[in-house]
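Each chain, letter by letter, is given below.
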Amino acid sequence: MGKIEEMLLRNGVIYRSPDGSSSYVEGSLLSNSLVVKDSSGQVTHRIERAANGVDLVAINTSTNTVDLRLAA
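Predicted model, so just to flag it, every value in this text is computed and none were measured.

Engineer: Give a description of the pairing of strand β3 (residues 43–49) that names residues and reports values.
Structural biologist: Here strand β2 (residues 33–37) runs beside β3; their pairing, made up of four bridges, is antiparallel. In the sheet register, Val36 faces β3, and the bridge partner there is His45. Pairing of β3 with strand β4 (residues 56–60) involves five bridges; the strand directions are antiparallel. Among the inter-strand pairings, His45 is bridged to a residue of β4, identified as Asn60. Taking the residues between adjacent antiparallel strands as the criterion, β3 and β4 are bridged by six residues, where Gly53 takes a positive phi near 80°.

Shown next as structure tokens:
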């Protein structure tokens with residue numbers, strides 16, 4: 001998950017603030033999915049496979065739009 005976290009951090013999907021708050025990536029083995037949660041534990045993005053079946057996309061849960069495409 002390190003490379004995915006680096007790409008999300010670089011593109012502003014996850015953050016680390018000087019005050020200690022941060023968002024983070026959490027995975028689930030049961031549902032085979034990744035989500036991004038903010039410092040309060042709310043899900044902000046879902047990480048899913050893109051339509052091409054190879055790339056990943058970060059989908060904003062409040063707008064249900066793709067914020068970032070992570071090319072494989």
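There is more to say, and it comes next.
Engineer: Lay out the confidence of the model for the protein in plain terms, naming residues and giving numbers.
Structural biologist: On average, the protein scores 83 in pLDDT, and the residues at 70 or more come to 92%. When pLDDT is averaged over each helix and strand of the protein, the minimum, 76, is found for strand β1 (residues 24–28) and the maximum, 91, for β4.

What counts as what
Residues numbered from 1 in each chain as written. Predicted model: local features only at pLDDT ≥ 70, side-chain atom pairs only at ≥ 80, totals over all residues. Heavy atoms only, no water. Pairing = 2+ DSSP bridges. Helix = DSSP H or I, 4+ residues; strand = E, 2+ residues; numbered from the N terminus. pLDDT = per-residue confidence, 0-100.

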